[in-house]
Amino acid sequence: MAIKEIRPTDLTENVFKLIGQDWMLVSAVHNGKINGMTASWGGLGILWARPVAYVFIRPTRYTKEFVDASDGITLSVFEKKYKPMMQYFGTVSGRDEDKIAKYALTQKEHGAYTYFDEARLTLLTKKLYAQTLDASFFTKAAVNGQEDFPHTYYPEHDYHTMYIAEIDSILVKE
């Protein structure tokens, strides 16, 4: 299969399905090594007159070290047959083993970005902003009658860092 580069405005897929159901592999390069983790929280949109993606990473995740140290982040979506791999990437830390090697993912380069050839769709993004969520800013709508709302998602008070990244381009398999 050939890889085609498209502009963010040419993406026609349902982003709710892409992120919430298909999941994405968030990856970055640091010191010549790549690491990734599965994410199902995030979104796509327009901010500061730019096409952006936003993702959330807990402070305990090894991938956060890579994302913090890198200017670029790749967000990769795989075909359904890769769902077991995505589940694995979401539960096993790259501190403990080389998940990329375990699943024999093929690393490719596109300009300054490293991505995986097996992905059916990859967003190549550059970080614009990062901020840790703060429990004092949860609104009444977020809590919505759930007095333990923050505790439900953050029993360890390990609030996600939100990253906003400009989408440079999107690679899709034809």
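Residues numbered from 1 in each chain as written. Predicted model: local features only at pLDDT ≥ 70, side-chain atom pairs only at ≥ 80, totals over all residues. Heavy atoms only, no water.

As named in an unreviewed UniProt entry, the chain is Flavin reductase like domain-containing protein, taken from Selenomonas flueggei ATCC 43531.

A. Inspection of the pattern of salt bridges at higher detail. Going through the model one piece at a time under the given rule, you end up with 10 salt bridges. The salt bridge involving Arg95 is made with Glu65; its shortest N-O contact spans 3.0 Å. Residue Arg95 is located in the loop between α3 (83–91) and α4 (99–102), and its partner Glu65 is located in helix α2 (residues 62–69); the two are separated by 30 residues in the primary sequence. Overall, the relative accessible area of 40% leaves Glu65 in the partly exposed class. Residues Lys126 and Glu166 are paired through a salt bridge, measuring 3.7 Å at the closest nitrogen-oxygen approach. Here Lys126, found in strand β9 (residues 121–132), pairs with Glu166, found in strand β10 (residues 161–173); they are 40 residues apart in sequence, far enough to count as distant. (Salt bridge = Lys/Arg side-chain N within 4 Å of Asp/Glu carboxyl O. Helix = DSSP H or I, 4+ residues; strand = E, 2+ residues; numbered from the N terminus. Buried < 20%, exposed > 50% of the residue type's maximum accessible area, 1.4 Å probe, protein only.)

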